[in-house]
Each structure stands twice: as C-alpha cells, then as structure tokens.
Amino acid sequence: MRYKSKDLFIDGLKFESLAKKFATPLYCYSLKKIKENIKNFKQHFKRINPIYCFSIKANSNTKLLNEIKKLGFGADVVSIGELMKALKSGFKSNKIVFSGVGKTAKEISFAIDKKILLINTESKGEILEIEKIAKNKKKLVNIGIRLNPNTDAKTLKQISTGKKENKFGVSEKIFLELIELVKRSKFLNLKCLSVHIGSQILDHRPYERMLNVIQKVINKSKFNFEYVDLGGGMGIDYEKNNKNLNLRKYATNIEKFLKKNNCKIIFEPGRSIIANAGHLVSEVIYIKEGEKKNFVIVDAAMNDLMRPALYNAYHRVIPAKKNNQKSQKPYEFVGPICESTDKFSTVKKFQKLKKKDLIVICDVGAYGMSLSSNYNLRLKPAEILINGSKVKIINKRQTLRDIV
Ligand SMILES: *Cc1c(COP(=O)(O)O)cnc(C)c1O
C-alpha cells in the first residue's frame, strides 16, 4: 500500500476506485503480499524444512485457502467446519492437523475417516474418546498430545494460551502419564508433541523458553516423537514501529533443538501469513461532534472487524485520499452498532474528514472476516482479491434477502 500524490493505492490500484466499484465496507487482499509473506517464512526456516499448516481460523476464505495451498501449505483446523473447508479448498488430508480443546465424537469420527495427518489431543477424556471411536472403526489413528509448557508468551492476555491457568494442553506431569496410556492402546499411534503458546508474539525469548520446556519433557519421556508441532503465534508489526519477531533467532533455536532430536517440525502460522495482506475500506457516514473528541461514524463496524472490541487490538486507520487540513479535535473512529465497544481507534491528530470520505483500516487479513457476524442484523461485507492488475470478488456481500 502506498500513496501516489494524494491517493492511496494497493498493488497499483486506487482504493477510491475499488470502493466505487465494489462498495463499502470492503475487505481487500493482496495476493502479492501473501506470496511475499510465505516466501519470507520459507527463507527463514529453509534449513528446518518444516511442514507448514495454515491456521484456517485466521482466514477461511475458500479462494485464499486455495492460493495458500498452492504455495505448498497444509492446514491446521479446529472444527469439522474448518476441516471440510480445508478439504474443499484443496488441501491434502495428509497435510491437515486437527487442534482444539473439545473435539466432539462426530468431529473425531469424520477426521479419522478422512485419514488426516494428526489429531492433536488436549485431554485424557479426549484421548479415550478417540480410542473408543478408533476401536469401533478398527483403525489405527495418529495423534499428538498438546503440552501446556507454562510459558508466558508476553502478548495480550486474551490471546495467551501457554500458561498453566489457560485451558489449553496438559501439564508436563499429565503429559507423561498420557504417553503411557497411549502406548498401551492398539488403536492409537502417538506421533507428535504439540504446543501453541499464544498469538501476536513479537519476542523470540518465549519461544526459546518453550523449546527448553519441550526438550525437558522429551528427555523425561524417553519417547521418540516423529513430529514436534510448534504451533503458530508469530506476530506482525501492527503499529508500524518496526518491532518484529526475530524469525532468524527463532530459527536458530529450532535448529539447535533439531540437533538433539530427530523429528520433523510442524508450524501452524495464521496471522503472520495473511494479516498484513488484507485491509478494510470504509466510508464515513457522519462526523458527530463531541465535547473533547469528534466521532467519525463509518460504515464498517464490530460485526465486520471484531478485534478492537474483543481484545482491544490496535489497527492503524489511514485516509484513502490525503488532504492538507487538520481535524480540530481528536477523532474516534466508530461503527453504527449499538455497543460502546464498537470503535476502532482514537487518534489525536488526523486530517479533517467529511461525510463520504474513505478510510482504510489496516492489516485486517487475519481474524478479520473470520470473526465477522451478523450482529445488529448487518450484512457481512464483500471480499476481493487483487492479483497483479486483476481484481476478483472472492466472497459476495451478503444481501438483506440472505439474512432477513
Ligand atoms: C490460533 C492457532 C494457531 C494460529 O495462531 P497465529 O497467531 O494466527 O499464528 C495455531 N495453532 C493453534 C493450535 C491455534 O489455536
């Protein structure tokens, strides 16, 4: 994205023209950026040669998934819906892992029938359920067990998952007990130790501590894991202050780990692949004067993009057309939904905006559309994909007919 004179462009296309053609609110994705992100990832982890499984909950658009698949990725799913979507988007079953704390019998049964790479389990109850179903089907099922390494990911507490007070994974003690349980089963084949300590991680040291905990547990277990699934969580630079996760250091730590362990690494990145490849264009409906700030009421709302309301997450807001006037008061960008949390951000200094101006909410490719809803019976927005000079609608805007 960049400005050419006053206008903001994405891959050479003017946002203003896109908004005119496809209406707002509108999710715009850049295929070029997705490819760049994946290339960057692969470059850093070349020597590790991992299996990449894209975390479908970050973005489950069929067309985008198909593009990501074509770039050599498998998929990480957390529900039967996501598993079906992964298959429909072309992912091979032997490159799909199934994560999540509460898989139902129906979900487990479907996953076994589809012969996916791994079911990553998270409790004794779930392991016993998988065994029961596998026994009924007379099948040997490949599983992983998710370790809770009790490691602080140093990210927002709402998106931390690797501390002992979080519901995810099992403690070291239980992990070791579960290995023994699984070893005795004729229907379960333990192949993987998995972890995922959280999301939007920008410091490599939590990953380093996590690897140390994994090493300790592997040593104690004396078990030879064919796979170690390190999850995702790699953060991106939402604030544009050049604070990035040091992937090189993370890679070096994993390379050291692999010298002591003969296993295949699995990654489950979501955000780092797609977040900065998607942006949300929205039109100003009204400017409403307040006492200390003015409210910029836009046509996108928390139903289109929930992250600010859900996690107090930050997304940059920028104008689609620059001008030289300044706003007199701070601006608070809000949607029309009847909730006080329906706001995107508050900025002290912004250019003066008026009715019908366009703004762009940046880096919403991950956990944007996938978290959208019909709250207030609002329509879900359209999604378009920019591929060079071509633009394609990859998800039609809902119509009132669809939802009323
Ligand atoms: C959400 C999730 C991911 C992806 O996390 P990102 O921060 O988007 O990379 C990976 N693995 C599991 C188990 C998850 O729940």
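Coordinates for the structure precede this section.
Residues numbered from 1 in each chain as written. Predicted model: local features only at pLDDT ≥ 70, side-chain atom pairs only at ≥ 80, totals over all residues. Heavy atoms only, no water.

**Some remarks on the sheet that holds strand 8 (residues 118-121)**
Around the barrel, eight strands lie side by side as 5-6-7-8-9-10-11-12; this closed barrel has parallel pairing. On average, each strand axis in the sheet is inclined to that of its neighbour by 30 degrees, with strand direction left out of account. Looking at chain direction, strand 8 and strand 9 (residues 141-146) are connected through three bridges and run parallel. Of the residues in strand 9, the one forming a bridge with Thr 121 is Ile 145. Running at roughly 145 degrees to strand 8, helix 6 (residues 124-137) makes contact with strand 8, strand 9 and strand 10 (188-194) of the sheet. (Pairing = 2+ DSSP bridges. Helix = DSSP H or I, 4+ residues; strand = E, 2+ residues; numbered from the N terminus. Axes fitted to C-alpha atoms, helices over the stretch in contact; angles between N-to-C directions. Contact = heavy atoms within 4.5 Å.)

**Looking at unusual backbone geometry**
In this chain, Thr 24 is followed by Pro 25 through a cis amide linkage whose omega measures -10 degrees. Within the secondary structure, Pro 25 sits in the loop between helix 1 (15-22) and strand 4 (26-30). With phi around 45 degrees, Asn 49 is a residue other than glycine that occupies positive phi space. Relative to the helices and strands, Asn 49 is located in the loop between helix 2 (31-44) and strand 5 (51-55). Of note in the backbone geometry, Asp 363 takes a positive phi value of approximately 60 degrees without being a glycine.

**Description of the packing of helix 8 (residues 204-221) against helix 9 (residues 247-260)**
Here helix 8 crosses helix 9 at 10 degrees, and the two axes come no closer than 9 Å. Compared by their axis directions, helix 8 and helix 9 come out roughly parallel. Here His 204, Tyr 207, Glu 208, Met 210, Leu 211, Ile 214, Gln 215 and Ile 218 of helix 8 come into contact with helix 9, specifically with Lys 249, Tyr 250, Asn 253, Ile 254, Phe 257 and Lys 260. For the contact of helix 8 with helix 9, the per-class residue count stands at eight nonpolar, three polar and three charged. (Parallel < 35°, antiparallel > 145°, perpendicular 65-115°, else oblique. Nonpolar A, V, L, I, M, F, W, Y, C, P; charged D, E, K, R; others polar.)

**A short note on the nonpolar core**
Ranked by internal contacts, the top residues of the largest apolar core, which has 99 residues, are Phe 45, Ile 214, Leu 230, Tyr 250 and Phe 333. With seven residues, the single largest contributor to this core is helix 8. Two domains each provide a minimum of three residues to this core, namely domain 1 (2-29 + 275-403) and domain 2 (31-273). Among the nonpolar cores identified, the runner-up in size contains 18 residues, and Leu 13, Leu 18, Leu 26 and Ile 386 belong to it. (Core = buried A, V, L, I, M, F, W, Y, C linked by side-chain atoms within 4.5 Å. Buried < 20%, exposed > 50% of the residue type's maximum accessible area, 1.4 Å probe, protein only. Domains from an automatic or database assignment.)

**A short note on the site of the ligand**
Near the ligand you find 14 residues, and of these Lys 57, Ser 199, Gly 233, Glu 268 and Tyr 367 are the closest. Contacts to the ligand include Ser 199, whose side-chain N or O atom sits 2.3 Å from an oxygen atom. Relative to its unbound accessible area of 390 Å², the ligand is 93% covered by the protein chains. Its residues assigned to classes, the shell around the ligand comprises two nonpolar, seven polar and five charged. (Near = heavy atom within 4 Å. Polar contact = N/O pair within 3.5 Å; in protein donor to acceptor, adjacent residues only side chain to side chain. Areas by Shrake-Rupley, 256 points an atom, 1.4 Å probe, with all protein chains shown as cover.)

**Remarks on the environment of Ile 361**
In this fold, Ile 361 is placed in strand 18 (residues 358-361). Judged by its relative accessible area of 0%, Ile 361 falls in the buried class. Residues Ile 361 and Ala 300 lie 61 residues apart in sequence; the distance between their C-alpha atoms is 9.5 Å. Leave out the neighbours within four places in its chain, and Ile 361 touches His 279, Leu 280, Leu 305, His 315, Arg 316, Val 317 and Phe 344.

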